[in-house]
Amino acid sequence: LLALTGSFLLLQVCAVIWEENVFDPATVLYMYQSPPGYLLAVVYVPAWCYFIVNCVRTGLQFKRKAAFYLALGIFYSIWILCLPVMILIANAALPDYSRQKSVTI
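Everything quoted here is computed from the prediction, not taken from an experiment. (Residues numbered from 1 in each chain as written. Predicted model: local features only at pLDDT ≥ 70, side-chain atom pairs only at ≥ 80, totals over all residues. Heavy atoms only, no water.)

1. What to know about the overall build of the chain
And step 1. Helix and strand counts for the chain come out as four helices and zero strands.
And step 2. The secondary structure elements of the chain, listed N-terminal to C-terminal, are α-α-α-α.
And step 3. Its C-alpha radius of gyration of 17 Å places the chain more than 25% over the 13 Å reference for a compact globule of 105 residues.
And step 4. In terms of overall dimensions, the chain has C-alpha extents of about 55 × 30 × 20 Å along its principal axes.
And step 5. Classification of the 105 residues of the chain by burial places 29% in the buried group.
And step 6. Considering only intrachain contacts with a sequence separation of at least 6, the fraction spanning at least 24 residues in the chain is 56%. (Helix = DSSP H or I, 4+ residues; strand = E, 2+ residues; numbered from the N terminus. Rg over C-alpha atoms; globule rule 2.2 N^0.38 Å. Buried < 20%, exposed > 50% of the residue type's maximum accessible area, 1.4 Å probe, protein only. Contact = heavy atoms within 4.5 Å.)

Right, dumping it as structure tokens:
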């Protein structure tokens, strides 16, 4: 858990530094269009796996709360995986001129 949290922090800092020092504002719209940004999105997958394993383990240990942990696992899985899926779709499928409008709120 500490390694996962440390990797999130390190990659977030690297992505912000990369955005400030390397990006050309004319071609890059947000920090996830960089190598640290892609790695940050990839780190969400092991975090999701860790979350699911712990939901299953806790649901099996406490049978009376298994339905709660099932719902928690489903809804938070959607929430956790939204960012990597959005980054993948935005960088692969959306044209540059509509990406800014679609990605930012």
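Still more to cover.
2. Quick look at the packing of helix 1 (residues 2-21) against helix 2 (residues 35-61)
And step 1. Where helix 1 contacts helix 2, the axes come no closer than 8 Å and their chain directions differ by 160°. The angle between helix 1 and helix 2 falls in the class roughly antiparallel. As helix 1 runs across helix 2, the sense of the crossing is left-handed. Contacts from Leu 4, Ser 7, Phe 8, Leu 11, Gln 12, Cys 14, Ala 15 and Trp 18 in helix 1 reach Pro 35, Pro 36, Gly 37, Leu 39, Leu 40, Val 43, Tyr 44, Pro 46 and Ala 47 in helix 2.
And step 2. Split into classes, the residues belonging to the contact of helix 1 with helix 2 amount to 14 nonpolar, three polar and no charged. (Axes fitted to C-alpha atoms, helices over the stretch in contact; angles between N-to-C directions. Parallel < 35°, antiparallel > 145°, perpendicular 65-115°, else oblique. Left-handed = near helix turned anticlockwise from the far one by under 90°. Nonpolar A, V, L, I, M, F, W, Y, C, P; charged D, E, K, R; others polar.)

3. Focus on the environment of Leu 40
And step 1. Examined against the element boundaries, Leu 40 turns out to sit in helix 2.
And step 2. Between the alpha carbons of Leu 40 and Phe 8 there is a distance of 6.6 Å; along the sequence they are 32 residues apart.
And step 3. Excluding residues within four positions of it along the chain, Leu 40 makes contact with Phe 8, Leu 11, Gln 12 and Tyr 32.

4. Here's the deal with the packing of aromatic side chains
And step 1. For the structure on display, the rule yields three aromatic pairs.
And step 2. A ring pair is formed by Phe 51 and Tyr 76, whose centres lie 6.4 Å apart and whose planes are at 70°; its orientation type is edge-to-face. Here Phe 51, found in helix 2, pairs with Tyr 76, found in helix 3 (residues 66-92); they are 25 residues apart in sequence, far enough to count as distant.
And step 3. Taking relative accessible area as the criterion, Tyr 76 reaches 40% and is therefore assigned partly exposed. (Phe/Tyr/Trp six-rings, centres within 6.5 Å; stacked < 30°, edge-to-face > 60°.)

5. Some points on the layout of surface pockets
Rolled over the atoms, a probe sized like a water molecule indicates the empty space that remains.
And step 1. Within this model, the largest pocket holds a volume of roughly 160 Å³.
And step 2. What lines the largest pocket is Tyr 38, Ala 41, Val 42, Val 45, Pro 84, Val 85, Ile 87, Leu 88 and Asn 91.
And step 3. Going through the elements one at a time, helix 2 and helix 3 are the ones with two or more residues in the lining of the largest pocket.
And step 4. Sorting elements by how many residues they give to the lining of the largest pocket places helix 3 first, with five residues.
And step 5. Here the lining of the largest pocket is composed, by residue class, of eight nonpolar, one polar and no charged. (1 Å grid on protein atoms, 1.4 Å probe; cavity = no way out; pocket = protein on both sides within 12 Å on 5 of 7 lines; lining within 4 Å. Points joined across faces, edges and corners; volume = space filled by probe spheres on them.)

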